[in-house]
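Each chain, written out:
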Amino acid sequence: TFAASLTPSALPPEVAEKATHLLLDTAGVALAAAPEDFARSVQEVALRLGGPPEATLWGRAERVGMASAVLANGTLAHGLDYDDTLEEAIVHTGCCCATAALAVGEARRAPGAAVLAAIAAGAEVMAAVGLVAPGAFHRRGFHPTALCGPFGAAAAAGNLLGLSPAALATAFGLCGSQAGGIIEYLADGSWSKRLHAGWAAHAGLTAALLAGAGFTAPRTVFEGTHGFFRAFAGEAPDPGRLARLVRSLGREWAILRLVFKTYPCGSINQPYMDCAARIRAKYQPDPAAVREVLCRTPEGAVHRLWEPLAEKRRPAAPYGAKFSLPYCIALVLVEGEAGVEGFTEAKIRDPRILALAEKVRYLVDPTLPYPQRFTGHVRVTLADGRVLEETQDAPRGGPEMPLSAEELAAKFRANAARALPALQVEEALGRLLKLGGEPDAAAAAAALRGPS
């Protein structure tokens, strides 16, 4: 009912602004991915899947059916791991919800304010599904965005398509059977995680269309004996927690707690990399003079970011390097930054970075509040015995350390410039920031098209 009924007038100004920034950030990181091999691959498949020319393939000149468009756009938006994160649920919302909302908004010529409301509806639903069992999906080997994303996309799409609460409940029932996404990509750094978001957006939008056409699905998708949480979290949802989450919808906005990333890699890495950056800026340590780098880390992050330690210290592929704290910390200590070019084939073979990564190790700290909060700690011991240490209690880009509007715009410009000419980058930036006042969202979508 919340998702189906949310209107622009019900959005507090700060929520509308955050939805605007979420779309801006999502579009920017998608455009940054456009030149990559995985992007060309999924866009070519989207073109073959086709459909009526109603929604833009971001970074391309072509338009395809809504579901085909979000398959590609969602994959690009998550493909560099540069997109937003909700810490406590460990989900990325924009790649599923913003992509679905703008695709439907473009196809239906919806007002920009309606698109922002749909983005907010999707983000709140996706967050709520993830917050029922925080950490449980990862423990069982699933990617939370892949599991929760279809529900967020269905909520965003269903809101704009005018689905009734009953029809949207049916769409959620369909999402439960389309959810999936294992984290075996960690074994070799291959591309499957990138597809998780695009497939989730595609699944959710398709579920909304099917529900609108009268298709049926179980209404007990969440709480049922064979429901979503028993299947993917391994246990029934706590009824009290479910009730609290439902009561909070429209009162406590999860979208306001989103983190906008400053590095194109795993979410949990970010505070550690900030610590490493401050150590480098303050002390300029010679990497060759480093004896050891020690990081305190929560138990829940070990199997994704630290182990097998020997493999994490020498990532087999650029994508795998995004989920290696030894590599990411060494990259920042050596170069002082970690942009998109920090995760290339040439960079992950850099002997200076690899030599330092061999000296990075971790210590499990059971007091760290994971996944409720992502924290950072880096202690560098030099050969002469000096110790350089930094800690960080929250990720930069989140509520405690927000990025300014200027910083978000600068991130968009840098990312979009990888796919669009300079004048179009500025046009896209202006249209996206002013979307809430536009009578037709199609113009903002058109600004994201690549050269013919």
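Quick caveat, the model's predicted, so the values are computed rather than measured. (Residues numbered from 1 in each chain as written. Predicted model: local features only at pLDDT ≥ 70, side-chain atom pairs only at ≥ 80, totals over all residues. Heavy atoms only, no water.)

Q: Which parts of the structure should I look at to understand the packing of aromatic side chains?
A: Geometry of an aromatic ring pair is reported as the spacing of the ring centres plus the angle between the planes. Under the counting rule described, the total for this entry stands at 19 aromatic pairs. Between the aromatic rings of Phe-38 and Trp-191, the centroid separation amounts to 6.2 Å while the plane-to-plane angle is 65°, which identifies the pairing as edge-to-face. In this pair, Phe-38 sits in helix H3 (residues 37-49) while Trp-191 sits in the loop between helix H9 (165-178) and helix H10 (192-212), placing the two residues 153 residues apart along the sequence. Note on Phe-38: relative accessible area 5%, which makes it buried. Judged by its relative accessible area of 42%, Trp-191 falls in the partly exposed class. Relative to Phe-323, the ring of Tyr-319 lies with its centre 5.3 Å away and its plane at 75°, an arrangement referred to as edge-to-face. (Phe/Tyr/Trp six-rings, centres within 6.5 Å; stacked < 30°, edge-to-face > 60°. Helix = DSSP H or I, 4+ residues; strand = E, 2+ residues; numbered from the N terminus. Buried < 20%, exposed > 50% of the residue type's maximum accessible area, 1.4 Å probe, protein only.)

Q: Could you clarify how one ought to interpret the environment of Leu-116 in this entry?
A: Mapped onto the elements, Leu-116 comes out in helix H6 (residues 112-131). Classification of Leu-116 as buried rests on a relative accessible area of 4%. It is 9.6 Å that separates the C-alpha atoms of Leu-116 and Gly-105, two residues lying 11 residues apart in sequence. Setting aside its immediate chain neighbours within four residues, Leu-116 contacts Leu-11, Ala-16, Ala-19, Thr-20, Leu-435 and Gly-436. (Contact = heavy atoms within 4.5 Å.)

Q: Quick question: what am I supposed to make of empty space enclosed by the protein here?
A: If a probe as big as a water molecule is rolled over the atoms, it shows which places are left empty. One pass over the structure, following the stated rule, counts 5 cavities of 30 Å³ or more. By volume, the largest cavity amounts to about 140 Å³. Lining the largest cavity are 14 residues, with His-92, Lys-193, Ser-267, Arg-304 and Phe-323 sitting closest to its centre. Considering only residue class, the lining of the largest cavity consists of 5 nonpolar, 6 polar and 3 charged. (1 Å grid on protein atoms, 1.4 Å probe; cavity = no way out; pocket = protein on both sides within 12 Å on 5 of 7 lines; lining within 4 Å. Points joined across faces, edges and corners; volume = space filled by probe spheres on them. Nonpolar A, V, L, I, M, F, W, Y, C, P; charged D, E, K, R; others polar.)

Q: Where do I start with the side chain of Gln-270 in this structure?
A: Residue placement: Gln-270 occurs in helix H13 (residues 269-283). Here Gln-270 falls in the buried class, since its relative accessible area comes to 4%. A polar contact of 3.2 Å, which involves the side chain of Gln-270, links it to the backbone oxygen of Cys-265. (Polar contact = N/O pair within 3.5 Å; in protein donor to acceptor, adjacent residues only side chain to side chain.)

Q: Looking at this structure, I do not really get the layout of surface pockets. What am I missing?
A: Reported here for the largest pocket is a volume of approximately 540 Å³. Tallying contributions element by element places H9 first for the lining of the largest pocket, with 4 residues. Broken down by class, the residue content of the lining of the largest pocket amounts to 18 nonpolar, 1 polar and 2 charged. When its volume is computed, the second largest pocket comes out at roughly 280 Å³. Glu-36, Phe-38, Arg-194, Pro-318 and Phe-343 are, among the 18 residues lining the second largest pocket, the residues nearest its centre. Of all the secondary structure elements, the ones that give two or more residues to the lining of the second largest pocket are H3 and helix H16 (318-321). Ranked by residues supplied to the lining of the second largest pocket, first place goes to H3 with 3 residues. Taken together, the residues of the lining of the second largest pocket sort by class into 9 nonpolar, 2 polar and 7 charged.

Q: Would you mind showing me how to read the pairing of strand S3 (residues 290-297) here?
A: Residues in a regular strand point their side chains to alternate faces of the sheet. Most of S3 is tucked away, with 6 of its 8 residues classed as buried. With 4 bridges joining them, S3 and strand S5 (residues 376-382) adopt antiparallel strand pairing. Residue pairing across strands places Leu-294 opposite Arg-379, the latter belonging to S5. With 5 bridges connecting them, S3 and strand S4 (residues 360-364) associate as parallel partners. (Pairing = 2+ DSSP bridges.)

Q: Got a minute to help me understand unusual backbone geometry in this structure?
A: In terms of backbone geometry, most residues other than glycine have negative phi values and most peptide bonds are trans. With an omega of -5°, the peptide bond running from Glu-307 to Pro-308 counts as cis. Secondary-structure assignment places Pro-308 in the loop between helix H14 (299-305) and helix H15 (309-313). Positioned with a positive phi, Arg-109 is a non-glycine residue whose angle comes to about 55°. Relative to the helices and strands, Arg-109 is located in the loop between helix H5 (94-108) and H6. The phi dihedral of Gln-284 is positive, around 50°, even though this residue is not glycine. Inspection of the secondary structure puts Gln-284 in the loop between H13 and S3. Given a relative accessible area of 51%, Gln-284 falls into the exposed group.

Q: Explain the pattern of salt bridges here, please?
A: Oppositely charged side chains are able to pair whenever their charged atoms sit close together. Scanning all chains against the criterion turns up 26 salt bridges. As a salt-bridge pair, Arg-40 and Asp-37 come within 2.4 Å of each other at their nearest N and O atoms. Separated by 3 residues within a single helix, Arg-40 and Asp-37 lie in helix H3, roughly one turn from each other. With its nearest N and O atoms 3.1 Å apart, the salt bridge here joins Glu-44 to Arg-60. Placement of the pair is Glu-44 in helix H3 and Arg-60 in the loop between strand S1 (55-56) and strand S2 (63-64), with a sequence separation of 16 residues. Taking relative accessible area as the criterion, Arg-60 reaches 17% and is therefore assigned buried. Among the charged side chains, a salt-bridge network with shared partners connects Glu-335, Lys-347, Asp-350 and Arg-352. (Salt bridge = Lys/Arg side-chain N within 4 Å of Asp/Glu carboxyl O.)

Q: Looking at this structure, how should I read helix H4 (residues 66-79)?
A: Two residues of an α-helix separated by three or four positions point the same way, owing to the 3.6 residues in each turn. Taking 1.5 Å of rise per residue, the 14 residues of H4 would be expected to cover 20 Å, and the 19 Å separating its terminal C-alpha atoms lies within 8% of that figure. With 14 of 14 residues buried, H4 is to be regarded as a mostly interior element. Phi turns positive, to about 50°, at Asp-81, one or two residues after H4. (Expected span 1.5 Å × (residues − 1).)

Q: Hey, could you run me through the packing of H3 against H4 in this one?
A: Helix packing for two helices is described by the angle between their axes and how far apart those axes are. One way to put it is that H3 packs onto H4 with a least axis distance of 8 Å and a crossing angle of 170°. As the angle between them shows, H3 and H4 are arranged roughly antiparallel. The segment H3 lies against H4, with Phe-38, Ala-39, Val-42, Gln-43, Ala-46 and Leu-49 engaging Ser-68, Leu-71, Ala-72, Thr-75, Leu-76 and Gly-79. Looking at the contact of H3 with H4 residue by residue, the class counts come to 8 nonpolar, 4 polar and no charged. (Axes fitted to C-alpha atoms, helices over the stretch in contact; angles between N-to-C directions. Parallel < 35°, antiparallel > 145°, perpendicular 65-115°, else oblique.)

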